[in-house]
Amino acid sequence: MDFDLNETQRLIRRQAADFAARRVAPGARQRDIEGRYPAEIVKEMGALGMFGGVVPEEYGGAGLDYIAFALLCEEISRADSSVRTVISVQISLVATPILKFGTEEQKRKYLPRLCTGEWIGCFGLTEPDAGSDVQQIKTFAQKTASGWRLNGRKIWISNGGVAQLAIVIAQTERGNPRRMAAFLVETSTPGFSSRDIHGKLGLRASNTAELILDGVEVPGPALLGEVGQGFAVAMAALDNGRYSVSAGCLGIARGSLEASVAYAKERHTFGKPIAAHQLVQEMIARMVVDIDASRLLLYRAGELKNQGKPNTLETCIAKYYCSEAAVRCANDAIQIHGGMGYSNEYSVERYLRDARVATIYEGTSQIQKLIIGGFATGIRAFA
Ligand SMILES: Cc1cc2nc3c(=O)[nH]c(=O)nc-3n(C[C@H](O)[C@H](O)[C@H](O)COP(=O)(O)OP(=O)(O)OC[C@H]3O[C@@H](n4cnc5c(N)ncnc54)[C@H](O)[C@@H]3O)c2cc1C
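The structure contained in this document is the topic of the report that follows.

Definitions and limits used
- Residues numbered from 1 in each chain as written.
- Predicted model: local features only at pLDDT ≥ 70, side-chain atom pairs only at ≥ 80, totals over all residues.
- Heavy atoms only, no water.
- Helix = DSSP H or I, 4+ residues; strand = E, 2+ residues; numbered from the N terminus.
- Rg over C-alpha atoms; globule rule 2.2 N^0.38 Å.
- Buried < 20%, exposed > 50% of the residue type's maximum accessible area, 1.4 Å probe, protein only.
- Contact = heavy atoms within 4.5 Å.
- Areas by Shrake-Rupley, 256 points an atom, 1.4 Å probe, with all protein chains shown as cover.
- Lys, Arg positive; Asp, Glu negative; His and termini not counted.
- Charge placed at Lys NZ, Arg CZ, Asp CG, Glu CD.
- Salt bridge = Lys/Arg side-chain N within 4 Å of Asp/Glu carboxyl O.
- Pairing = 2+ DSSP bridges.
- Axes fitted to C-alpha atoms, helices over the stretch in contact; angles between N-to-C directions.
- Parallel < 35°, antiparallel > 145°, perpendicular 65-115°, else oblique.
- Left-handed = near helix turned anticlockwise from the far one by under 90°.
- Nonpolar A, V, L, I, M, F, W, Y, C, P; charged D, E, K, R; others polar.
- Near = heavy atom within 4 Å.
- Polar contact = N/O pair within 3.5 Å; in protein donor to acceptor, adjacent residues only side chain to side chain.
- Core = buried A, V, L, I, M, F, W, Y, C linked by side-chain atoms within 4.5 Å.
- Phe/Tyr/Trp six-rings, centres within 6.5 Å; stacked < 30°, edge-to-face > 60°.
- Lys NZ or Arg CZ within 6 Å of the ring centre and 35° of its normal.

## What about the overall build of the protein chain?
Here is step 1 of the chain: Within the protein chain one finds 11 helices and 10 strands.
Here is step 2 of the chain: Against the 2.2 N^0.38 benchmark of 21 Å for 383 residues, the protein chain shows a C-alpha radius of gyration of 21 Å, consistent with a compact globule.
Here is step 3 of the chain: The principal-axis extent of the C-alpha atoms belonging to the protein chain is close to 80 × 45 × 40 Å.
Here is step 4 of the chain: Burial analysis of the protein chain (383 residues in total) assigns 55% to the buried set.
Here is step 5 of the chain: By sequence separation, contacts in the protein chain at least 24 residues apart represent 73% of the contacts at least 6 residues apart.
Here is step 6 of the chain: For the protein chain, the exposed surface amounts to about 16500 Å²; the carbon and sulfur share of it is 53%.
Here is step 7 of the chain: For the protein chain, the distance from the average site of its 44 positive side-chain charges to the average site of its 41 negative ones is 3 Å.

Below, the structure is given as structure tokens:
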């Protein structure tokens, strides 16, 4: 299904597709094998303004609308989701919360650096004992004469080992999660360290790290928003993060379909291309439907974002559907490729491994369903 994109959106899609084909796709397999962060590609993307995303031009951004931004994420993800992860975190989890909650000084200080890729950002919410149950985080920010002292540990933080800036969500009052706060922590601050996490199923070329905050002293202006707004900052970040993850999933689903159609026309069994077998077409048809549905749900959320309207429900629906659909499509793509699908000669096995995390991070599929169910019933099934 094609959409009536405007000129800018078509241009962004073309540029992103071209960059993805030339610079991202060719080394994706090797980076995955080596678990190598795509530093050189990230640098180039920064120079090309690809981290400008939806950030307004006055702060060094590209001022894209949300549909154009989704197209960028889709195209890059189709080539390599690990590279898409950098865009998602940089723009959706770090830059847009600063845009929404930051002071003018914070925006002027950090957004231009993030938009050029001079600085990489990360978003630290999850902890060893608190993922879905956000309110149980233990990282603590103690008020000091000059600012705050942070102690705690964050885990599974994308970009955590390569970032210059971290948004850290912390408690400020023991036993009172309503007093959570968000902090802009420069990772060069004494007491801040990170440890890379290896052995992931997928997204092997993206950097994922544990953050250790050991008496990290930050000045008063490091507070992002107000004390008591930490949860709101986190949820606003996730509203955007889930959107770019959904767009990334659409890229994986589309890549799965395109690879499957090409292979199914080429591979012959029983005297005809496997594309001519009805059970193979059934898998392809399901992918087509999943991709159309994903795109429609994604663009509905994007349009609401463009209009500045509430979109938490629609973004959760998109994230739930797109992530599950990407897993289904990649899985069927492996099936269509037969034995070859089980090998990294083709991208489809990487697609499945990379898609799998999207049903877990930025709120698991179960959590998305509880949010959707909460909207439907008016009853929240979790705090
Ligand atoms: C590669 C990767 C990158 C990540 N990047 C980041 C990042 O940049 N920043 C960040 O802060 N975090 C990040 N995360 C963490 C991610 O967001 C969490 O893993 C996720 O939110 C789930 O939390 P958990 O792992 O603690 O699982 P848990 O919360 O322990 O959940 C375990 C299982 O229980 C289910 N469950 C939990 N509660 C309920 C309930 N009430 N009802 C029904 N089922 C429930 C879950 O759905 C899940 O199936 C990343 C994770 C990965 C794997």
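## Regarding the pattern of salt bridges
Here is step 1 of the chain: Under the criterion given, the structure shown has 24 salt bridges.
Here is step 2 of the chain: The closest approach of N and O atoms between K109 and E186, which form a salt bridge, is 3.0 Å. With K109 in helix α6 (residues 104–116) and E186 in strand β5 (residues 181–186), this residue pair connects regions lying 77 residues apart in the sequence.
Here is step 3 of the chain: A relative accessible area of 38% means that K109 is categorised as partly exposed.
Here is step 4 of the chain: For E173, the salt bridge is made with R179, and the minimal N-O distance between the two is 3.4 Å.
Here is step 5 of the chain: We classify R179 as partly exposed; its relative accessible area is 35%.
Here is step 6 of the chain: Linked by salt bridges that have partners in common, E74, E75, R78, R254, E258 and R295 make up one network.

## Re the sheet that holds β5
Here is step 1 of the chain: Pairing is mixed across the open sheet formed by 4 strands, whose spatial order is β1-β4-β5-β8. Among the strands making up the open sheet, the edge pair consists of β1 (121–124) and β8 (223–224).
Here is step 2 of the chain: Here β5 pairs with β8 via 2 bridges, running antiparallel. Looking at β8, one finds that A182 is bridged to L224.
Here is step 3 of the chain: Of the strands in this sheet, β1, β4 (165–170), β5 and β8 are in contact with helix α5 (residues 81–101), which crosses β1 at around 80°.
Here is step 4 of the chain: In the packing of α6 onto the sheet, the strands contacted are β1, β4, β5 and β8, and the crossing angle to β5 comes to about 60°.

## A few points about the environment of G374
Here is step 1 of the chain: With respect to the secondary-structure elements, G374 resides in helix α11 (residues 365–377).
Here is step 2 of the chain: Once the C-alpha coordinates of G374 and A166 are considered, the two residues, 208 residues apart in sequence, prove to be 31 Å apart.

## Description of the packing of α5 against α6
Here is step 1 of the chain: The contact between α5 and α6 brings their axes to 10 Å, and the two run at 160°. In terms of orientation, α5 lies roughly antiparallel with respect to α6. As for how α5 packs across α6, the hand of that crossing is left-handed. Contact with α5, carried on its side by Q90, V94, A95, I98, L99 and F101, involves Q106, K107, Y110, L111 and L114 of α6 and no other residues of that element.
Here is step 2 of the chain: For the contact of α5 with α6, a count of residues per class yields 8 nonpolar, 2 polar and 1 charged.

## Focus: the packing of α5 against helix α7 (residues 230–266)
Here is step 1 of the chain: Axis separation between α5 and α7 bottoms out at 9 Å; the angle between their running directions is 150°. When the axes of α5 and α7 are compared, the pair comes out roughly antiparallel. As for how α5 packs across α7, the hand of that crossing is right-handed. Residues S81, R84, S88, S92, L93, T96, P97, K100 and F101 of α5 pack against A232, V233, A236, A237, L238, N240, G241, S244, V245, G248 and I252 of α7.
Here is step 2 of the chain: Broken down by class, the residue content of the contact of α5 with α7 amounts to 10 nonpolar, 8 polar and 2 charged.

## Thoughts on the pairing of strand β2 (residues 140–143)
Here is step 1 of the chain: Bridge count for β2 against strand β3 (residues 147–158) is 4 bridges, and the pairing is antiparallel. Looking at β3, one finds that F140 is bridged to N151.
Here is step 2 of the chain: Counting the residues in the hairpin turn of β2 and β3 gives 3 residues.

## Describing the site of the ligand
Here is step 1 of the chain: What surrounds the ligand is a group of 15 residues, the closest being F123, T126, S132, W156 and T364.
Here is step 2 of the chain: Between the ligand and the protein, one listed contact pairs an oxygen atom with a side-chain N or O atom of T364 at 2.7 Å.
Here is step 3 of the chain: The side chain of Q366 places a nitrogen or oxygen atom 2.8 Å from an oxygen atom of the ligand.
Here is step 4 of the chain: When the free accessible area of the ligand is taken as 980 Å², the share hidden by the protein chains comes to 65%.

## Examining the nonpolar core
Here is step 1 of the chain: In this structure, M45, F69, I76, I87, L150 and F183 are the most contacted members of the largest nonpolar core, which totals 83 residues.
Here is step 2 of the chain: Among residues more than four places away in sequence, those in contact with I76 are A16, F19, A20, V24, M45, M50, V83, R84 and I87.
Here is step 3 of the chain: Residues A130, I137, I167 and L184 belong to the second largest nonpolar core, which totals 30 residues.

## A look at the packing of aromatic side chains
Here is step 1 of the chain: For the structure on display, the rule yields 4 aromatic pairs.
Here is step 2 of the chain: Ring centres of Y66 and Y243 lie 5.7 Å apart, and the angle between their planes is 80°; on these two criteria the pair is classed as edge-to-face. Of this pair, Y66 sits in helix α4 (residues 66–79) while Y243 sits in helix α7, and the two are 177 residues apart along the sequence. Note on accessibility: Y66 and Y243 belong to one class, buried.
Here is step 3 of the chain: In this structure, R328 packs its charged tip against the face of Y321, placed 5.5 Å from the ring centre.

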